[in-house]
Amino acid sequence: MTVDELKIRQLTNQYLIVPSDKLTVVRDLCGIQSQFMVNAMHSLKIRCNDYVESNVKTGLVKNWTIRGTVHVFAEDDLGLFLHCDNGKNYRRNEWSGKSFWNQREVWALTPERQKYLSEVILEALKEEAHTRDELKVICRENGMTEAEDGSMFDQWGGGIRELCERGFMNYVVQEKKAYCLSPAFTPIPQEEAELEMARRYFTNIAPATIHDAMYFFHVSAAQVKKWLSALPVTTVECGGGTYYYIENGKSYTDDMPQCLFLAGFDQLMLGYEKKESLYLEPEHMRSIFNLAGIVMPAVMLNGKVVGKWKKKNRKLQVMLFACVGEDGESAIRKKAEFLWDDMVSIEFV
């Protein structure tokens, strides 16, 4: 298989050539990473044939999932992504056991205090969703100390994250950090759930190497090989590497898209080992994957990342890595005009 044939398969499987409905996209791609909701919404916009901004969030939830990062995914998949210690901790408000959080030196919550403050938070959410700051105020009014605040509302998650991961609550699907009660669900046993996620990955994000899957899931090579031994994968050689995929019945006869505006933290960038990317030249990697952990919105021409973009106040700025010629700039303009009917200017830098 040639590199271009491999790319066509990946782009097709990721719905960047032939779009599909929203719920199919988020299920097949194992959710959409969403530290910044504007990125998640753009990821859906370029992949969905039913994207309507006013109701795009319907049927979606937001929580910590793959790689320990926040994703938007289908509400029906809550049990897939939240294992709750194989169901044993599902909505269990008891914190005496050891965890990543309470073993830290700075942890200030006793099991009793964590239980109490969790009850305060969950009682507040019964009435309506609340922002992070609102919940802090409510907890302080109910006796939370400054030290306890640093644990319950730790910037990387803390007690709030533990409540999410135990199935009590989710983020509201919006840019501003707010929380709501989670609908009831049945956690899928972790081993079974992880195999299902791997099946989705090798069906809808692959063809991919073992290194790609290790990068996407943040797991060991041994774990990926275990999944592969249990899945009906086909292998193909390309560029000296072995790629694995599961047949899905799709056709791969479409042409390479001339231009794509990928979202920040796009699954096409996160789906494969960045140092071995088929789309991104090594000398441009840090322009997309910066040292602060941000994955910038990328512009692709004919299957290669040629720059990055940002849009603000109806103005689009495209920062190119090299000259793409008049034809390249024309293709970028045409795609931008198709995506954004409110755009008033485009600037190449």
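Residues numbered from 1 in each chain as written. Predicted model: local features only at pLDDT ≥ 70, side-chain atom pairs only at ≥ 80, totals over all residues. Heavy atoms only, no water.

Novice: Explain the overall build of the protein chain to me, please; I cannot follow it from the model alone.
Specialist: Helix and strand counts for the protein chain come out as 14 helices and 13 strands. Computed over the C-alpha atoms, the radius of gyration of the protein chain is 22 Å, within 12% of the 20 Å expected from 2.2 N^0.38 for a compact globule of 349 residues. Oriented by its inertia axes, the alpha-carbon framework of the protein chain measures out at about 65 × 50 × 35 Å. Expressed as a percentage of its 349 residues, the buried residues of the protein chain come to 53%. Contacts spanning at least 24 positions in sequence make up 65% of the contacts within the protein chain whose residues lie at least 6 apart. Across the protein chain, the centroid of the 42 positively charged side chains sits 2 Å from that of the 48 negatively charged ones. (Helix = DSSP H or I, 4+ residues; strand = E, 2+ residues; numbered from the N terminus. Rg over C-alpha atoms; globule rule 2.2 N^0.38 Å. Buried < 20%, exposed > 50% of the residue type's maximum accessible area, 1.4 Å probe, protein only. Contact = heavy atoms within 4.5 Å. Lys, Arg positive; Asp, Glu negative; His and termini not counted. Charge placed at Lys NZ, Arg CZ, Asp CG, Glu CD.)

Novice: Help me understand empty space enclosed by the protein in this model?
Specialist: Under the criterion given, the structure shown has one cavity of 30 Å³ or more. Contributing to the lining of the largest cavity are Q10, L268, M269, Y272, S277, L278 and Y279. Per-class residue counts for the lining of the largest cavity are five nonpolar, two polar and no charged. (1 Å grid on protein atoms, 1.4 Å probe; cavity = no way out; pocket = protein on both sides within 12 Å on 5 of 7 lines; lining within 4 Å. Points joined across faces, edges and corners; volume = space filled by probe spheres on them. Nonpolar A, V, L, I, M, F, W, Y, C, P; charged D, E, K, R; others polar.)

Novice: Help me understand the sheet that holds strand β10 (residues 298–301), please; the structure alone is not making it clear to me.
Specialist: The strands that make up a sheet are held in pairs by hydrogen bonds between backbone atoms, and each pair lies either parallel or antiparallel. Strand order across the open sheet formed by five strands is β9-β10-β11-β12-β13, with mixed pairing between neighbours. Since the sheet does not close on itself, it has two edges, and those belong to β9 (259–261) and β13 (345–348), each with one partner. When the angles between neighbouring strand axes are averaged without regard to direction, this sheet yields 25°. Note that strand β12 (residues 315–320) and β13 share four bridges and pair parallel. If you follow V318 over to β13, its bridge partner there is F348. Contacting β9, β10, β12 and β13, helix α14 (residues 325–339) runs over the sheet at an angle of about 50° to β9. (Pairing = 2+ DSSP bridges. Axes fitted to C-alpha atoms, helices over the stretch in contact; angles between N-to-C directions.)

Novice: What am I meant to see in the packing of helix α5 (residues 111–125) against helix α6 (residues 132–141) here?
Specialist: In a pair of packed helices, the angle between the axes and the distance between the axes together describe the arrangement. Contact geometry of α5 with α6 gives a least axis separation of 10 Å together with a crossing angle of 125°. Relative to α6, the element α5 lies oblique. When the axes of α5 and α6 are compared, the crossing they make is right-handed. The residues of α6 that touch α5, namely those facing L117, V120, I121, A124 and L125, are L135, I138 and C139. For the contact of α5 with α6, the residue count by class is eight nonpolar, no polar and no charged. (Parallel < 35°, antiparallel > 145°, perpendicular 65-115°, else oblique. Left-handed = near helix turned anticlockwise from the far one by under 90°.)

Novice: I would appreciate a short explanation of the nonpolar core in the present structure.
Specialist: In a soluble, globular protein the nonpolar side chains are often hidden away together inside. F202, F261, V318 and I332 are the most contacted members of the largest nonpolar core, which has 89 residues in total. Not counting residues within four places of it along the chain, the set of residues in contact with I332 comprises C259, F261, V299, L301, V318, L320, I346 and F348. With 25 residues, the next largest nonpolar core counts W64, W101, L109 and Y171 among its residues. (Core = buried A, V, L, I, M, F, W, Y, C linked by side-chain atoms within 4.5 Å.)

Novice: Help me understand helix α9 (residues 190–204), please; the structure alone is not making it clear to me.
Specialist: One full turn of an α-helix is made of 3.6 residues, so residues set three or four places apart face in the same direction. The end-to-end C-alpha distance of α9 is 21 Å, a good match for the 21 Å that 15 residues give at a rise of 1.5 Å each. Along α9, the positions that sit buried rather than exposed are A193, M197, A198, R200, Y201, F202, T203 and N204. Where α9 is buried, its residues meet α1 (3–13), α2 (22–28), α4 (78–81), α10 (210–217), α11 (221–230) and β8 (241–245). (Expected span 1.5 Å × (residues − 1).)

Novice: Sorry if this is basic, but what is going on with the pairing of β13 here?
Specialist: Looking down a regular strand, the side chains alternate between one sheet face and the other. Here β13 shows a buried face lined by I346 and F348 and an unburied face lined by S345 and E347. The handedness of the β12 to β13 crossover, carried by α14, is right-handed. (Right-handed = clockwise from strand over helix to strand, strands pointing away.)

Novice: It is not clear to me how unusual backbone geometry should be interpreted in this structure. Could you clarify?
Specialist: Excluding glycine, residues mostly have negative phi values, and the peptide bonds linking residues are mostly trans. Following A206, the chain continues to P207 via a peptide bond in cis, the omega torsion being 10°. Counting through the fold element by element, P207 comes out in the loop between α9 and α10. Located in the positive-phi region is Y15, a residue other than glycine, with phi close to 60°. Relative to the elements of secondary structure, Y15 occurs in the loop between α1 and α2. Overall, the relative accessible area of 6% leaves Y15 in the buried class.

Novice: What's the story with the packing of α10 against α11 in this structure? I'm lost.
Specialist: Running from amino to carboxyl end, α10 crosses α11 at an angle of 110°, the nearest separation of the two axes being 9 Å. Compared by their axis directions, α10 and α11 come out roughly perpendicular. Pair α10 / α11 crosses with right-handed handedness. Counted together, I210, A213, M214 and F217 of α10 and A221, V224, K225, W227 and L228 of α11 form the full contact between these two elements. A class-by-class count of the residues in the contact of α10 with α11 yields eight nonpolar, no polar and one charged.

Novice: Where do I start with the environment of A322 in this structure?
Specialist: Relative to the helices and strands, A322 resides in the loop between β12 and α14. For the pair A322 and V344, spaced 22 residues apart in sequence, the C-alpha to C-alpha distance is 24 Å.

Novice: Help me understand the side chain of H71 in this model?
Specialist: Locating H71 in the fold gives a position in strand β3 (residues 70–74). Given a relative accessible area of 0%, H71 falls into the buried group. In this structure the side chain of H71 is engaged in a polar contact, spanning 3.1 Å, whose partner is the side chain of T65. Of note is the side chain of H71, whose polar atom sits 3.3 Å from the backbone oxygen of T69. (Polar contact = N/O pair within 3.5 Å; in protein donor to acceptor, adjacent residues only side chain to side chain.)

Novice: How should the pairing of strand β7 (residues 234–238) be read in this particular structure?
Specialist: Strand direction decides the pairing type here: β7 and β8, joined by five bridges, are antiparallel. Across the sheet, C238 pairs through a bridge with G241, a residue of β8. Hairpin connection, β7 to β8: the antiparallel pair is bridged by two residues, and G239 has positive phi, about 55°.

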